[in-house]
Amino acid sequence: MASQEILREEPSRGSFINDPRVRGIFFQALVLVLLVAGVWWVTHNVIANLTRLHIASGFGFLKGRAGFDISESAIAYSSDSTYFRAILVGFINTVIVAVVGIITATIIGFIVGIGRLSHNWLIRKICTVYVEVFRNIPPLLVIFFWYSGVLAVLPPPRDSINLPFGSFLNQRGFYFPRAMWGEGSWLILVALLLGIAMAWFVARKARQRQMATGQPFPVFWTSIALIVGLPLLAYALSGFPLSFEFPKQSTFNLVGGFQVRPEFLSLYLALSCYTAAFIAEIVRAGIRGVSAGQTEAAAALGLRSGSILRLVVVPQAMRIVIPPLTSQYLNLTKNSSLAIAIGYPDLTATAGTVLNQTGQAVEGVVIMMAVYLALSLITSAVMNVVNARMALVER
Amino acid sequence: MKHIAIGVLGAAAFGFAASAASASTLDDVKAKGFIQCGTNTGLAGFAAPDDKGEWKGIDVDFCRAVAAAVFGDGTKVKFTPLSAKERFTALQSGEVDILSRNTTWTINRDTALGLNFVGVTYYDGQGFMINAKKLPGVNSALQLSGAAVCVQSGTTTELNLADYFKANKMEYNPVVFEKLDEVNAAYDAGRCDVYTTDQSGLYGIRLTLSAPADHVVLPEIISKEPLGPAVRQGDDQWYHIVKWTYFALLQAEELGITQANVDEMKNSDNPEIKRVLGQEADTKIGTDLGVSNDWVVNIVKAVGNYGEMFERNVGSGSPLKIARGINALWTKGGLQYAPPIR
């Protein structure tokens with residue numbers, strides 16, 4: 001930018017061919033024309049050749065009946081649903097594993113990252129080993145480790161391991177009782193939302209009061225009381241509408257209850273563990289990036305170590321942490337496509353099956369690319385907003 | 001899968017232009033000196049490497065037969081192992097010249113996918129296999145409601161499975177993998193109760209399990225699975241060569257021409273045998289097709305006739321011990337029938 005401004009101040013001399021502005025525009029236009037021509041040529045070539053090879057093309061196939069079943073679906077799906085819905089099921093599965101994976105990876109990553117800076121030798125070394133192990137193994141192997149090494153060696157359904165609260169663990173997955181919400185349970189949800197809203201309001205008021213008068217207020221315990229207490233009250237008032245459906249043994253599997261399949265479990269654990277190793281390093285770098293003088297100055301002001309971390313170090317570290325954290329979130333989302341190796345029906349798997357059943361390879365791949373691109377762009381957009389809020393406000 | 005898919009895009013962008021310019025598959029094949037044959041990644045009896053690393057099976061032998069017809073040498077063939085999901089893309093994009101991978105002939109594949117199936121080298125049907133030791137009471141597929149079923153994705157099997165359970169108002173949990181090895185491993189590890197694929201495949205897979213004797217194939221056959229080789233549309237000559245190679249294998253069996261007696265048979269007095277083996281004077285039986293006149297001799301020398309190929313790979317001469325059944329010649333009450341070679 002700066003150099004352009006400097007150039008602009010000089011009056012253009014001689015032929016316009018030597019004018020840097022004209023040249024700049026010319027070359028930009030040239031690149032644009034080449035790009036458009038290239039895209040056009042590729043598109044044209046694909047269409048012409050698909051026609052020549054008598055392969056049907058276009059996206060009309062998405063309305064056809066899928067005809068195959070999918071093991072895990074968050075929305076209603078059967079073999080009578082359309083191909084579009086099958087791809088949608090896969091997309092939602094990808095989003096589910098990405099979101100819970102990102103949350104878990106972030107939690108593990110922060111714990112391990114801070115652990116690496118601990119004064120306790122054992123904690124520090126355990127965290128170092130964790131990071132070095134998971135960071136240096138390809139994610140696919142981590143997935144196989146969980147799938148074939150941990151979950152596949154669990155006992156068969158007939159000899160399930162009994163866990164507390166009517167839960168079971170076997171090689172078909174983790175089963176736990178499903179909550180059956182009876183009549184009037186909407187009241188509980190309303191109470192929960194009300195509790196959260198009130199807790200937020202109380203916290204705000206308490207902060208304002210502390211700013212104004214210096215008197216603290218037990219925000220934490222009040223919030224807990226509101227968020228837990230209100231729904232409990234509503235539960236009692238509406239006549240205890242909650243019951244549980246317990247998993248039971250049948251001829252083949254456990255039926256009833258809620259099942260978390262080993263495919264999801266191993267993918268989720270693998271992605272979380274793998275990405276957490278990178279996040280830990282990012283967090284460590286972020287904390288190290290805050291100069292020791294800040295901590296010392298805060299200590300000199302009389303803050304306790306917890307408050308120093310919470311009020312002084314972490315807010316500054318976050319500015320360093322968030323941009324590379326975004327890349328890790330994107331990596332996790334994209335790595336979820338490795339699910340295909342263990343049969344978790346994510347976007348790549350279902351779109352791949354659709355691609356194969358219909359033979360629409362080009363369209364199928366285009367859909368997959370577009371969806372992953374959109375997913376990544378949305379993730380970065382969200383993280384950019386977070387980053388903007390965290391950024392140093394310069395006055 | 002991914003690299004194939006990317007390959008298609010790449011090929012779509014650049015490669016197709018090249019293949020459009022060149023003349024025909026036969027010329028391409030002759031120029032490179034071998035046939036690229038798409039096969040299964042490993043299915044006993046159809047396409048699987050043996051302990052010496054040599055591919056064995058009906059599907060690979062069929063490709064050898066085509067190589068023998070084209071080059072007079074059954075070894076001039078290279079194999080590309082393909083998963084169920086990769087196979088059509090590989091053929092469409094020109095990565096393989098023939099797809100001979102226990103693939104079911106359907107109308108959708110013949111039309112929307114731009115393929116041409118040449119015939120049925122194996123009449124099959126979909127079946128179910130269970131571990132009888134773990135599930136002692138089960139002896140019919142109609143008792144399978146609630147079971148976890150292992151199946152390979154992107155197959156007609158996957159679709160038939162959904163149809164069958166729906167038609168019989170039963171429920172099941174699909175456990176779907178892309179690669180055959182992954183399905184086998186999952187079934188062997190007990191991830192699912194039932195394995196479903198073509199019945200011939202089940203017999204082959206059973207041999208590879210850790211305790212083959214524990215597993216039984218249930219009696220029900222729930223679909224028609226005519227398995228056969230396919231080629232790309234738009235090259236009639238190549239389509240005819242592959243198709244008539246299949247018919248020649250059947251015709252040879254019908255006429256009693258075997259790998260052992262083919263040289264004697266050349267001197268036979270039977271005019272039909274002489275004609276088929278290209279021993280008539282001024283014959284154009286092979287050259288019209290684009291191959292040499294003794295192409296049937298070459299085929300039979302390389303792999304034997306259809307019956308020999310069957311017995312060696314899946315029949316009495318193999319560990320699978322599958323009976324000829326409907327795969328017998330029409331003269332013996334089966335479905336295998338070749339139009340006359342004349």
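Residues numbered from 1 in each chain as written. Chains lettered and ligands numbered in written order. Predicted model: local features only at pLDDT ≥ 70, side-chain atom pairs only at ≥ 80, totals over all residues.

Caption draft 1: Broad picture of the overall build of chain A. A count of helices and strands for chain A gives twelve helices and eight strands. By its C-alpha atoms, chain A is 85 × 70 × 45 Å across when sized along the principal axes. For chain A, buried positions account for 30% of its 395 residues. In chain A, once contacts between residues fewer than 6 apart in sequence are set aside, the share between residues at least 24 apart is 66%. (Helix = DSSP H or I, 4+ residues; strand = E, 2+ residues; numbered from the N terminus. Buried ≥ 20, exposed ≤ 12 C-beta atoms within 10 Å, placed from the backbone. Contact = placed C-beta atoms within 7 Å.)

Caption draft 2: Seen up close, the overall build of chain B. Scanning chain B for helices and strands turns up 13 helices and 14 strands. For 342 residues, the compact-globule estimate of 2.2 N^0.38 gives 20 Å, and the C-alpha radius of gyration of chain B, at 21 Å, lies within 12% of that figure. The principal-axis extents of the C-alpha atoms in chain B amount to approximately 65 × 50 × 40 Å. Sorting the 342 residues of chain B into buried and exposed places 54% on the buried side. Counted over contacts in chain B with a minimum sequence separation of 6, partners at least 24 positions apart contribute 74%. (Rg over C-alpha atoms; globule rule 2.2 N^0.38 Å.)

Caption draft 3: A look at the sheet that holds strand β3 (residues 173-176) of chain A. Residues and elements named next belong to chain A. Overall, antiparallel pairing links the four strands, which are arranged β1-β2-β3-β8 in an open sheet. Pairing within the sheet leaves two strands with one partner each, and these edge strands are β1 (161-163) and β8 (258-260). Across the sheet, the axes of successive neighbouring strands diverge by a mean angle of 20°, strand direction being ignored. With three bridges connecting them, β1 and strand β2 (residues 167-170) associate as antiparallel partners. Along β2, the bridge assignment pairs Ile161 with Leu169. (Pairing = 2+ DSSP bridges. Axes fitted to C-alpha atoms, helices over the stretch in contact; angles between N-to-C directions.)

Caption draft 4: Representation of the interface of chain B and chain A. Chain B puts 40 residues into the contact, and the matching count from chain A is 37 residues. Counting only elements with at least two residues in the side of chain B that touches chain A, the list comes to α1 (2-21), α4 (87-92), β9 (147-152), α6 (156-167) and β10 (172-177) of chain B. Among the elements that line the side of chain B that touches chain A, the one with the most residues is α1 of chain B, at eight residues. When grouped by side-chain class, the residues that make up the side of chain B that touches chain A number 22 nonpolar, ten polar and eight charged. (Nonpolar A, V, L, I, M, F, W, Y, C, P; charged D, E, K, R; others polar.)

Caption draft 5: Region of interest: unusual backbone geometry. Residues and elements named next belong to chain B. A positive phi angle is found at Asn102, which is not glycine, with a value near 20°. Along the chain, Asn102 turns up in the loop between β5 (98-99) and α5 (107-111). Its identity as a non-glycine residue notwithstanding, Lys169 has a phi of 50°, on the positive side. Given 7 C-beta atoms within a 10 Å radius, Lys169 is considered exposed.

Caption draft 6: The nonpolar core, seen in detail. Val66, Val149, Cys150 and Ile299 of chain B are the most contacted members of the largest nonpolar core, which has 122 residues in total. Ranked by residue count, the leading element in this core is helix α3 (residues 58-71) of chain B, at eleven residues. If you look at the next biggest cluster of nonpolar residues, it comprises 39 residues, including Tyr268, Ala270, Tyr274 and Tyr344 of chain A. (Core = buried A, V, L, I, M, F, W, Y, C linked by C-beta atoms within 7 Å.)

Caption draft 7: Region of interest: the domain arrangement of chain A. When its domains are assigned, chain A resolves into domain 1 (2-52) and domain 2 (83-158 + 259-390). The C-alpha centroid of domain 2 of chain A is placed 40 Å from the C-alpha centroid of domain 1 of chain A. (Domains from an automatic or database assignment.)

Caption draft 8: Region of the structure containing the domain arrangement of chain B. Residue and element names in this part refer to chain B. For chain B, the assigned domains are domain 1 (2-123 + 227-332) and domain 2 (126-223). The centre of domain 1, based on its C-alpha atoms, is set 29 Å off from the matching centre of domain 2. At the junction of the two partners, domain 1 supplies 18 residues and domain 2 supplies 16 residues. The residue makeup of the side of domain 1 that touches domain 2, split by class, is nine nonpolar, eight polar and one charged.

Caption draft 9: Representation of helix α2 (residues 20-52) of chain A within the structure. Across its 33 residues, α2 of chain A extends 47 Å between first and last C-alpha, which sits within 8% of the 48 Å expected from 1.5 Å per residue. His54 of chain A lies just past α2 of chain A and shows a positive phi near 60°. (Expected span 1.5 Å × (residues − 1).)

Caption draft 10: Just the sheet that holds β10 of chain B, in detail. All names here are of chain B. Across the sheet, five strands lie side by side as β10-β9-β11-β8-β12; this open sheet has mixed pairing. Where the open sheet ends on each side, the last strands, each with one partner, are β10 and β12 (215-217). Pairwise comparison of adjacent strand axes, ignoring direction, gives a mean angle of 30° for this sheet. Bridge count between strand β8 (residues 126-131) and β12: three bridges; the pairing is antiparallel. Following the sheet pairing, Ile130 is matched in β12 by Val216. Seen against the sheet, α6 touches β8, β9, β10 and β11 (194-198) and runs at an angle of roughly 155° to β9. Across the sheet, helix α7 (residues 180-188) touches β9, β10 and β11, and the angle it forms with β9 is around 160°.

Caption draft 11: Quick look at the pairing of β11 of chain B. Residues and elements named next belong to chain B. Across the five residues that make up β11, a large majority, five, are buried. As paired elements, β8 and β11 share five bridges and run antiparallel to each other. In the sheet register, Gly127 faces β11, and the bridge partner there is Thr197. With two bridges connecting them, β9 and β11 associate as parallel partners. Bridge pairing in β11 links Val149 to Val194.

Caption draft 12: Quick look at the confidence of the model for chain B. Residue and element names in this part refer to chain B. Overall, the predicted model of chain B reaches an average pLDDT of 89, with 93% of residues at or above 70. Here residues 4-21 is modelled with pLDDT under 50, and outside its nearest four sequence neighbours on either side it reaches 32 contacts, counting other chains as well. At the level of chain-chain contacts, confidence expressed as ipTM amounts to 0.75, with global pTM at 0.79. (pLDDT = per-residue confidence, 0-100.)

Caption draft 13: The packing of helix α3 (residues 83-115) of chain A against helix α11 (residues 347-358) of chain A, seen in detail. Residues and elements named next belong to chain A. Two elements in contact, α3 and α11, have axes whose closest approach is 7 Å; the angle formed by their N-to-C orientations is 160°. With respect to α11, the element α3 is oriented roughly antiparallel. Along this stretch, α3 crosses α11, giving a crossing that reads as left-handed. Seen from α3, the contacting residues are Tyr83, Ala86, Ile87, Val89, Gly90, Phe91 and Thr94; seen from α11, they are Leu347, Ala349, Thr350, Ala351, Val354 and Thr358. Taken together, the residues of the contact of α3 with α11 sort by class into nine nonpolar, four polar and no charged. (Parallel < 35°, antiparallel > 145°, perpendicular 65-115°, else oblique. Left-handed = near helix turned anticlockwise from the far one by under 90°.)

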